[in-house]
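An overview of the molecular structure
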Amino acid sequence: MDKTIRYGLLAGFCAFAVACSPAEEVASTGTATGPADGGETQAVRHVEEAGMFTVLVGGTPIGQMEITANDDGYGVEFEYRNNGRGPTLSESVTLDDGGLPTGWTITGNTTFGNAVDESFDFTDSQASWTDSTGSDEAVLESGAFYVPQNASPYWLAIAARALMADPDGVLQAVPGGELRMSEIDRLSLTGGEESVDAIVYAMSGTSLNPTYFLMAGDAFFGIITPGFSLLPEGFEGEDERLRGLAAEYGALRFEEIQARVIHDYDAPVLIRNVHVFDAASETRGAPASVLVSGNRITQIGAADMAATDGAVIIDGDGGTLLPGFFEMHGHMGETAAFLNIAAGVTSLRDMGNNNGVLDALLARIESGELAGPRVHRSGFIEGRSPFNSNNGILVSSEEEAVAAVNTYADAGVYHQIKIYNSINPDWVPAMIETAHERGLRVAGHVPAFTNADAMIAAGYDELTHINQIMLGWVLEEGEDTRTLLRLTALRRLPGLDLMSEPVQSTINAIAERGIVVDPTFAIHESLLLSRNGEISPGTVDYVDHLPVDAQRQSRSAWADISNEEDDANYRGAFAQITETLRMMRDAGVMLVPGTDLGGSFTYHRELELYQTIGMTPPEILAWASHGMAEYLGVGDEVGLIEEGYMADFFLVPGDPTQDLREIKTISMVMADGRVYFPTEIYPEFGILPFTDVPNVIEPAQ
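Below, the structure is looked at part by part. (Residues numbered from 1 in each chain as written. Predicted model: local features only at pLDDT ≥ 70, side-chain atom pairs only at ≥ 80, totals over all residues. Heavy atoms only, no water.)

**Points about the pairing of strand β7 (residues 115-123)**
Defined as follows: Each residue is assigned to one of three classes by its accessible area relative to the maximum for its type, calculated with a 1.4 Å probe on protein chains only: buried under 20%, partly exposed between the two thresholds, exposed over 50%. Strands here are runs of E lasting at least two residues and helices are runs of H or I lasting at least four, both read from the DSSP assignment and numbered beginning at the N terminus. Should DSSP find at least two bridges between two strands, the strands are taken to pair.
Side chains Val116, Glu118, Phe120 and Phe122 of β7 all project onto a buried face; the interleaved residues Ala115, Asp117, Ser119, Asp121 and Thr123 project onto a face where none is buried. Where strand β6 (residues 101-109) hands over to β7, the hairpin turn is made up of five residues, of which Gly113 adopts a positive phi near 105 degrees. Bridge count for β7 against strand β8 (residues 126-131) is five bridges, and the pairing is antiparallel. In the sheet register, Thr123 faces β8, and the bridge partner there is Gln126.

**Comments concerning helix α15 (residues 601-609)**
Basically, it comes down to this: Whether two residues touch is decided by their heavy atoms; if any such pair falls within 4.5 Å, the residues are in contact.
Of all nine residues that make up α15, nine are buried, and the element is covered over most of its length. Along α15, the residues classified as buried are Phe601, Thr602, Tyr603, His604, Arg605, Glu606, Leu607, Glu608 and Leu609. Buried positions along α15 lie against β22 (325-330), β23 (345-350), α12 (521-529), α14 (564-586) and α16 (617-631).

**Looking at the packing of aromatic side chains**
For the record, the criterion: Each aromatic pair joins two rings of Phe, Tyr and Trp (for Trp, the six-membered one) with centres within 6.5 Å, and gets the label stacked for planes under 30 degrees apart, edge-to-face for over 60, and tilted for any other angle. We call a charge positioned over a ring when the NZ of a Lys or the CZ of an Arg lies within 6 Å of the ring centre and within 35 degrees of the ring normal.
Evaluation of the coordinates by the stated rule reveals 22 aromatic pairs. Plain terms: the ring middles of Phe221 and Phe235 are 5.0 Å apart, the flat faces sit at 75 degrees to each other, and that makes the pair edge-to-face. Highlighted residues: Phe221 in strand β15 (residues 219-224) and Phe235 in the loop between β16 (228-232) and α3 (239-261), separated in sequence by 14 residues. Here the two residues Phe221 and Phe235 agree in accessibility, since each one is buried. Positioned over the ring face of Phe254 is Arg253, at 5.0 Å from the centre of the ring.

**Quick notes on the pattern of salt bridges**
Let me state the cut-off plainly: Salt bridge, as used here: a side-chain nitrogen of Lys or Arg that lies within 4 Å of a carboxyl oxygen of Asp or Glu.
Counted according to the given criterion, the structure contains 34 salt bridges. A salt bridge links Glu462 to Arg349; the nearest nitrogen and oxygen atoms lie 2.5 Å apart. Remark: Arg349 occurs in strand β23 and Glu462 occurs in strand β28 (residues 462-464); sequence separation between them is 113 residues. Here Glu462 matches Arg349 in class, with each residue buried. For the salt bridge of Glu579 with Arg582, the shortest nitrogen-to-oxygen distance reads 2.4 Å. Here Glu579 and its partner Arg582 are both found in helix α14, three residues apart, which amounts to about one turn of the helix. Relative accessible area serves as the criterion here: at 28%, Glu579 is assigned to the partly exposed category. When salt bridges with common partners are traced through the structure, they connect Glu525, Asp541, Arg605, Glu608 and Lys664 into a single cluster.

**Things to note about the pairing of β6**
Both strand β5 (residues 88-95) and β6 contribute to a ladder of eight bridges, which runs antiparallel. The residue bridging Val93 from the neighbouring strand is Trp104, located in β6.

**Topic: the environment of Val442**
Looking at where Val442 falls in the secondary structure, it is placed in strand β27 (residues 441-444). Its relative accessible area of 0% is what places Val442 among the buried residues. Along the sequence, Val442 and Thr578 sit 136 residues apart, while their C-alpha atoms lie 25 Å from each other. Look past the residues within four positions of Val442 in its chain and what remains in contact with it is Gln416, Ile417, Ile419, Ile432, Ala435, His436, Tyr460, Asp461 and Glu462.

**Here's the deal with the packing of α12 against α14**
To keep it simple, the criterion reads: Angular values range over 0 to 180 degrees, each being the angle between N-to-C directions of two axes fitted as lines to C-alpha atoms, with helices fitted over their stretch in contact. Any angle from 65 to 115 degrees is called roughly perpendicular, while one under 35 is roughly parallel, one over 145 is roughly antiparallel, and all others are oblique. Handedness of a crossing is defined here by the sense of rotation of the near helix relative to the far one, left-handed for an anticlockwise turn of less than a right angle and right-handed for a clockwise turn.
At their nearest, the axes of α12 and α14 sit 8 Å apart, and the two run at 160 degrees to each other. Put simply, α12 runs roughly antiparallel to α14. Once α12 is placed against α14, the crossing between them reads as left-handed. Note on element contacts: α14 touches α12 through Tyr570, Arg571, Ala573, Phe574, Ile577, Thr578 and Leu581, opposite Phe521, His524, Glu525, Leu528 and Leu529.

Okay, here's the thing in structure tokens:
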């Protein structure tokens, strides 16, 4: 469940338009426009552009987009497969004589199998549309754009031409937001003997982030991100250069955001009148004050503690100060870095990434150029197959797999390896032996054609995703979990007797051997309980604060749940998962909180879900901070608010020991001694803030 939708709020782009790489996030949305005059459809003047485009991830071709011009518009076929899954979309768009859509149909399926049957119609100023959230209609004003939910990347060409023709360069979007396009760069591109001059644009206005794309005059020339590209056939050789440029464009944008939102006071900071949560005793203390010098907590005193000369004073107003959280299943990217800080997540365990891109990202976080948590790295190892993920190190033999383990050990920055789906199970014992000899822990998926019992016997230290364990109880021999089956087979779970010998034997073996389980509880809720037209239960508390694309995604199913039987089985599967986790906890199995959805808001939901298996709010708060610091071996530096500890903590106005939902309204975060106010960060991503900025008193100059 790791790779394709890992940024919960970016699912609309990653799942349905392109294949995001782990260390970058570029959000997008399909977009169309309705003409203001409702004129009749006429012959279309087609631009000269490529008919076939190649989808690449990290330089590896994984799919195609084909554009076919017809008398009144275009047909588009778009498909890719990464990590054994991906979207398949077929589109037909009808344009008026000005190149604006009057009709659009999109059929196919999303990455996780939800059926796409989307349509848009514009007649006599009246627009009507149907997407996975339901049907709606509106009278469109001049220059208003309808925003389809599931479109191929070719929407950029249509939107770009409309924006080029608009005198203001801004178009109102329907059902919400607005579209803007800005020029970023001018390039000369070469494909074989052909050279093309292109302009790099950024499209923004309805998503968390802009999309960087290329136009050669009026002709679409592709999309670029640090890990992904979509380029005309014949120009694939430009992939590496363009991905590098995309990384530079993103870096500049995020550095500018950092400059606007960071408060590095270069002075002692006193947070007055707060209740400090003691994660060691799981208690909320009496009113106190906390003094920070540099990046260390230097003193904890009375609520009205006197400030030292030159100190900055932040009024806690009786709120609760909590040690920073640990997101234990992340795939770090720039947006995730910022939004996790805003969510009080000051440490993160990266569970697999594009290693070079992550190297550069972490260097920028450590230098202070970019906001982000402390990162504990996992070395991702995957076997080559038709279904492999394209990250970390890909291997084709046991010898290469062992060499990959040694590569990660030699680097000196990884605390564990992570084994993935396409690894041959026969190689696993040698990989584990080498990892343990080199001082690395071993975590991972259960590879295809084996089960959790075999990996437990082989010596795993940690099992990743609860579904990876439970599939071993319901799959038939030979079934291939490198495909969507590792998700869709969960609908078999309602018929499983959790008290049966196979289930109890596995749970007991995990407990007896001290194996840790990384369940990714929240992603299973999203997969199994999301329904078309309904707000996903995990997003209820914050969905109205999000950009329109994320709001629509939160009202859409992931899987193909097309009948009452599937609906009941998927709901029953989540109930079985919840009960299994309760049984594991009762058996003494150590669980760790991680989302595989980018953390941030979904991390808050991850913690909230553990109340359903019997954990209390104080227990959860301590476990997610001090508990994970101890587990990762850094408990003497972070995870507690005590004198001498690193200044990683956050402030909420209420009391989360009584109501855990209070962690969703954070007014201040200190990460490595740097101060951030989420209310200043969220608008940079089109998110409405949740709290006011605390009262800050800076010393007179």
